[in-house]
Amino acid sequence: MSSTSEHIRYDVADGVASVAIDRASKKNALTLEMYEGLVAAFERAAEDEAARVILLHGAEGVFTAGNDLLDFMQNPPTGEDSAVFRFLLALWSAEKPVVVAVDGPAVGIGTTLLFHADLIYASERARFHMPFINLGLVPEGGSSFLLPRLAGYAKANELLMFGEPFDAQAALSIGLVNEVLPVDALLPRARARARELAQRPAEALRASKRLIREGTREAVKATLQREGAVFIERLTSPEAMAAFQAFFQRK
Ligand code: COA
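All values reported here derive from a predicted model rather than from experimental measurement.

Student: Any chance you could explain the packing of aromatic side chains here in plain terms?
Tutor: For any two aromatic rings, the description comes down to two numbers: the centre-to-centre distance and the angle of the planes. By the definition in use, this model includes seven aromatic pairs. Relative to F231, the ring of F72 has its centre 5.6 Å away and its plane inclined at 50°; by these criteria the two rings are tilted. Highlighted residues: F72 in helix α2 (residues 69-74) and F231 in helix α9 (residues 202-235), separated in sequence by 159 residues. When its relative accessible area of 5% is taken as the criterion, F231 is described as buried. Judged by centre distance (5.1 Å) and plane angle (75°), the ring pair of F247 and F248 falls under edge-to-face. The exposure class of F247 is partly exposed, given its relative accessible area of 34%. Every member of this aromatic cluster is reached through a ring pair, and the members are F72, F132, F231 and F244.

Student: Honestly, the pattern of salt bridges in this entry has me stumped. Any pointers?
Tutor: Close approach of charged atoms allows side chains of opposite charge to pair. Enumeration according to the criterion identifies 11 salt bridges in this entry. With a shortest N-O distance of 3.2 Å, D118 and R213 are connected by a salt bridge. Of this pair, D118 sits in the loop between α4 (109-112) and β7 (119-123) while R213 sits in helix α9, and the two are 95 residues apart along the sequence. By relative accessible area, D118 is classed as partly exposed at 27%. Salt-bridge contacts for E179 lead to R189; the nearest nitrogen and oxygen are separated by 2.7 Å. Within this pair, whereas E179 is found in strand β10 (residues 179-181), its partner R189 is found in helix α8 (residues 183-199), the two being separated by 10 residues in sequence. Owing to a relative accessible area of 27%, R189 belongs among the partly exposed residues under this scheme.

Student: I keep staring at helix α6 (residues 153-162) and nothing clicks. Help me out?
Tutor: An α-helix turns once every 3.6 residues. As a result, residues three or four positions apart point the same way. Where α6 is concerned, the buried positions are A156, L159 and L160. Seen end-on, α6 carries its buried residues on one side only, within an arc spanning 85°. Away from its buried face, by an angle of more than 90 degrees, α6 presents the exposed residues A154, M161 and F162. Where α6 is buried, its residues contact α5 (143-151) and β9 (166-167). Where α6 ends, the next residue or the one after it, G163, has phi of about 65°, a positive value.

Student: Can you help me understand a nonpolar patch on the surface in this one?
Tutor: A grouping of L70, F247 and F248 is seen on the molecular surface, where their side chains present a nonpolar patch of about 250 Å² in accessible area. By secondary structure assignment, the location of F248 is in helix α10 (residues 238-248).

What counts and what doesn't
- Residues numbered from 1 in each chain as written.
- Predicted model: local features only at pLDDT ≥ 70, side-chain atom pairs only at ≥ 80, totals over all residues.
- Heavy atoms only, no water.
- Phe/Tyr/Trp six-rings, centres within 6.5 Å; stacked < 30°, edge-to-face > 60°.
- Helix = DSSP H or I, 4+ residues; strand = E, 2+ residues; numbered from the N terminus.
- Buried < 20%, exposed > 50% of the residue type's maximum accessible area, 1.4 Å probe, protein only.
- Salt bridge = Lys/Arg side-chain N within 4 Å of Asp/Glu carboxyl O.
- Arc of directions from axis to C-beta.
- Contact = heavy atoms within 4.5 Å.
- Patch = residues over 30% accessible without salt bridge, like charges linked within 9 Å, V, L, I, M, F, W, Y side chains within 5 Å.
- Areas by Shrake-Rupley, 256 points an atom, 1.4 Å probe, with all protein chains shown as cover.

And the structure:
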């Protein structure tokens, strides 16, 4: 097991590159440095001939609490060269299939990154949340385009305009995840499916992925850029500042 940053682990076995988010004490909240580590891990997997599939997972009981809110205040993204955007683009452009295992909270980008993954497994205690509105923010990660396509406008509006969390069964019912599993079965199942994928003909697999994504590819990229510009503006708004401060003063 090696690392691409202090809290991002990287490992390849049986054709599968495992990328683990490992900052459980802060619920795997993602800092700038962790996005850099994720980008590096995806780049490494892209170049690594031994890696045919990428498996992304969190720590036990937590996938990720989303962007580190302190970082949002201290090191906000400023444009497309910011680490969070480069991470979303790395995911958007990944040619190798991406499998994700979600255990516990998947907040903010923890949920929206799933729109760019190919197969998603959730534990029974997975909890999804796009709380942007309640933080004075707007949808990101392509969710303003991809969630209505997945779930219809009625459901997408409900999830994005109220910003309420939803459980694994709800995620299954809107087609966000492939399977819901008991906690102990989650990683073994996700890993087994990733290994199975890695045994499929690699070129055909990549060509299939490209075809499945091609129809929405440019629209998704344009959405990422559009959302990013508004999101950056919102980050310094009084509404967002008040919400971030309320989070850190809640205890
Ligand atoms: N940014 C920075 N720190 C975070 C964080 C985040 N997004 N999410 C959690 N943490 C920190 C907490 O401040 C706390 O740190 P402390 O122990 O030094 O006080 C630690 O992680 C544990 O979090 P806590 O809230 O006590 O855990 P919980 O199990 O009660 O709740 C969550 C877990 C994920 C539901 C909750 O932490 C949460 O809602 N986090 C914010 C999610 C968010 O708004 N993300 C941004 C989306 S754009």
